[in-house]
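Inside the fold
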Amino acid sequence: MAARKKLAMIGAGNIGGELAAQAARLELGDVYLFDIPDKVGVAQGKALDLEQRGSILGYDVNIRGTSSWEDLAGSDVVIVTAGVPRRPGMSRDDLLSINLKIVRDIAENLKRVCPETFVIVVSNPLDAMVHEMKKVTGFPSPKVVGMAGILDSARFQLFLAREANVAMTDVRAMVLGGHGETMVPVLSYCTINGIPVRQLITQDRLQAIIERTREGGAEVVKLMGSSAFYAPAAAAIQMARSYLFDEKRLLPCAAYLDGEYGCHDLYMGVPVVIGANGVEKIVIIELDATEKQMLRNSAAAVRELIEAGQRL
Ligand SMILES: NC(=O)c1ccc[n+]([C@@H]2O[C@H](COP(=O)([O-])OP(=O)(O)OC[C@H]3O[C@@H](n4cnc5c(N)ncnc54)[C@H](O)[C@@H]3O)[C@@H](O)[C@H]2O)c1
């Protein structure tokens, strides 16, 4: 019988706790909730609370809080949410200097304790953080990926569904590019059960929805004073599942580009297939002239951010 899978959530904050909750409910495997020594009580408390919940909801996995790297040895999947989230008025890029140091330290430790793992980075600014994770760990690029596109696409799909007054599940749309103001909602592939969205929603309403999508994270931050966590956790869990069960989902994720979409040595949101080998394929799609230009602009913004990070 196959051994139970092991998942490590680095950062036991809002997203980390929700990740552990969703992973447990889906019985993806045993869960380690890791945080710094000062916060290990929070990690352990959340772990115990979630483990007790299993008795009510009917799942049975081990959930542990820890601040010891050794406990993470042999993890199949590591999801990194450590760092500080945005406060009202902050951009994701404002987090660069604080979170970069944290991600460097985590990468050094992952390299040591679980060199075979699949790493999903969530911490912001996302594209720079996942780039740093790959650089410091030296892990192969298919094993280091960033979560942003699924969340941005979910926001886009929700707003489109509400505008057209149709079921959310019938809307398929993708947001590519960097996880920031330059993100690229791809209208040319956006359909409502196969019908191109431009036939069902007017151009000016589409433009307003695109703008709301670009500000989707800030809208939540403004309301509750901190970042979203339910949907971000669900997005990262979707990626983890696709890896653990070899589902081969085609998902928009921040993947390492080495020539694809004209980018070199750069992480950016593109359609990928995630299976048992990690990012098994980067899917190249035709874009219209406007979308190509937007993607180039987005890549330039990501490059600038990464270079700013390298100077820190
Ligand atoms: N990629 C995305 O789409 C997306 C979406 C939402 C939020 N985020 C980002 O995710 C990150 C986490 O958000 P959150 O709301 O869970 O924040 P949070 O403040 O609730 O949790 C972060 C946790 O990280 C811990 N931490 C700090 N340094 C650490 C270290 N060296 N090792 C381990 N843990 C450490 C903190 O103690 C805290 O518990 C933020 O950077 C946020 O901007 C990304």
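To continue, consider the site of the ligand. Surrounding the ligand, one finds 29 residues, the nearest of these being N14, I15, D35, V122 and M147. Contact between the ligand and D35: an oxygen atom at 2.7 Å from a side-chain N or O atom of the residue. In this structure, an oxygen atom belonging to the ligand sits 3.1 Å away from a side-chain N or O atom of H179. Taking 860 Å² as the accessible area of the ligand by itself, protein coverage stands at 90%. In terms of residue class, the shell around the ligand is built from 17 nonpolar, 10 polar and 2 charged.

Judged by pairing direction, the sheet is antiparallel, and its 3 strands sit side by side in the order β7-β8-β9 without closing on themselves. Each having just a single partner strand, β7 (171-176) and β9 (195-196) make up the two edges of the open sheet. As judged from the 5 bridges shared by β7 and strand β8 (residues 184-192), these two strands associate in the antiparallel manner. Within the sheet, the bridge partner assigned to V171 lies in β8 and is I192.

Enumeration according to the criterion identifies 11 salt bridges in this entry. Salt-bridge contacts for E108 lead to K111; the nearest nitrogen and oxygen are separated by 3.7 Å. Here K111 and E108 lie together in helix α3 (residues 96-113), a separation of 3 residues that amounts to about one turn. Judged by its relative accessible area of 43%, E108 falls in the partly exposed class. E280 is paired through a salt bridge with K248; the nearest N and O atoms lie 2.7 Å apart.

A word on the pairing of strand β12 (residues 278-282). Sheet analysis places strand β11 (residues 264-275) next to β12, joined by 4 bridges and oriented antiparallel. The partner of V273 across the bridge, within β12, is K281. Taking the residues that link successive antiparallel strands as the turn, the β11-β12 hairpin has 2 residues.

Following the criterion strictly, the structure yields 0 disulfides and no others. Residue C253 stays outside any disulfide, its sulfur separated by 16 Å from that of C263, the closest cysteine. We classify C253 as buried; its relative accessible area is 0%. In this structure C263 comes out as buried when scored by relative accessible area, which is 7%.

About the thresholds
- Residues numbered from 1 in each chain as written.
- Predicted model: local features only at pLDDT ≥ 70, side-chain atom pairs only at ≥ 80, totals over all residues.
- Heavy atoms only, no water.
- Near = heavy atom within 4 Å.
- Polar contact = N/O pair within 3.5 Å; in protein donor to acceptor, adjacent residues only side chain to side chain.
- Areas by Shrake-Rupley, 256 points an atom, 1.4 Å probe, with all protein chains shown as cover.
- Nonpolar A, V, L, I, M, F, W, Y, C, P; charged D, E, K, R; others polar.
- Pairing = 2+ DSSP bridges.
- Helix = DSSP H or I, 4+ residues; strand = E, 2+ residues; numbered from the N terminus.
- Salt bridge = Lys/Arg side-chain N within 4 Å of Asp/Glu carboxyl O.
- Buried < 20%, exposed > 50% of the residue type's maximum accessible area, 1.4 Å probe, protein only.
- Disulfide = S-S within 2.5 Å.

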